[in-house]
Amino acid sequence: MNKTTPDPLKRIAAWHAAAARAGEKQPDAMTIATIAADGAPSLRYVLLKGLSAAGLVFFTDTRSRKGRDLAHDPRIAAALRFGTTGRQIRVEGLARLLPAEDANIYWETRPRTSRLSASASFQSAPLLSRELLVARRDALAERLAGRVVPRPAAWLGYCIEPGRIEFWTQKPGRLHHRELFTRILRGWRISLLQP
Ligand SMILES: Cc1cc2nc3c(=O)[nH]c(=O)nc-3n(C[C@H](O)[C@H](O)[C@H](O)COP(=O)(O)O)c2cc1C
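The model shown is predicted, which means the values in this text are computed figures rather than measured ones.

Draft legend 1. Structural view of the pairing of strand β5 (residues 75–82). Here strand β1 (residues 29–35) pairs with β5 via 4 bridges, running antiparallel. Paired with Thr31 across the bridge in β5 is Ala79. Bridge count for β5 against strand β6 (residues 87–97) is 8 bridges, and the pairing is antiparallel. Looking at β6, one finds that Ala79 is bridged to Arg90.

Draft legend 2. Geometry of the site of the ligand. As a structural note, the neighbourhood of the ligand is formed by 16 residues, with Thr60, Ser64, Arg65, Lys66 and Ser124 the closest of them. Counting only elements with at least two residues in the shell around the ligand, the list comes to β2 (41–47), β4 (56–61) and α2 (65–72). For the shell around the ligand, the element with the most residues is β2, which contributes 5 residues. In terms of residue class, the shell around the ligand is built from 6 nonpolar, 6 polar and 4 charged.

Draft legend 3. Seen up close, the environment of Pro27. Of note, Pro27 is situated in the loop between α1 (8–21) and β1. In this structure Pro27 touches His16, Ala19, Ala20 and Phe82, once residues within four positions along its chain are discounted.

Draft legend 4. Structural view of unusual backbone geometry. Phi at Ser124 is positive, roughly 80°, even though this residue is not glycine. Structurally, the position occupied by Ser124 is in the loop between α4 (112–120) and α5 (130–143). At Arg174, a residue that is not glycine, the phi angle is positive and equals roughly 60°. Mapped onto the fold, Arg174 is located in the loop between β7 (155–169) and β8 (177–184).

Draft legend 5. Fine view of the pairing of β7. Bridge analysis of β4 against β7 gives 6 bridges, and the strand direction is antiparallel. Bridged to Leu56 within β7 is Ile160. Sheet topology note: the β6/β7 ladder contains 11 bridges and is antiparallel. Paired with Arg96 across the strands is Cys159, a residue of β7. One ladder, built from 6 bridges, connects β7 with β8; its direction is antiparallel. The residue bridging Ile165 from the neighbouring strand is Phe181, located in β8.

Rules behind the numbers
Residues numbered from 1 in each chain as written. Predicted model: local features only at pLDDT ≥ 70, side-chain atom pairs only at ≥ 80, totals over all residues. Pairing = 2+ DSSP bridges. Helix = DSSP H or I, 4+ residues; strand = E, 2+ residues; numbered from the N terminus. Near = placed C-beta within 6 Å. Nonpolar A, V, L, I, M, F, W, Y, C, P; charged D, E, K, R; others polar. Contact = placed C-beta atoms within 7 Å.

Okay, structure coming up:
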């Protein structure tokens, strides 16, 4: 990247921080879209847990519907919306599985209750009754009393490596500002889009 091209990942961090400062309730809420084997799209919210030079990081159960989608097609789209600052960020790219060590580090920061719940759940699989899930969680809590709750092997992180990032800013009279960063060989090409 040459010196004059702004780094869009740094801008995502700056916009996220500005929204948090402005009192955004859940600036980490990020919606991600994946593609099923039959080509059907689906989306759901996850928490944005990290931003690096490589991309945007979230954690999940890789056996889930999204995990299965990403295993056969790593293309992913994500959006963040900050109502407090009138901004939207759209990201399109590839989801890469992160090494288990990254998941271990985040797993350690999670409350014990969250770890037990994640361990007791096979995310996205059908559930016969809520009582069964609670019983499974309680049995696990009893079995692991006084011991660490190990990270389920399938509970891992993905990094969304963006090929395209759009920064949208609300402007008066709906003449919104849209700035598109498209990844090129070395850095990013910047262009504007009509609102
Ligand atoms: C604000 C918000 C944050 C969420 N964060 C996560 C998350 O970080 N990881 C996750 O696996 N699910 C998260 N969920 C639950 C997902 O939206 C979804 O229900 C779950 O991952 C199963 O999705 P799937 O069946 O499409 O794989 C979150 C839900 C909400 C509303």
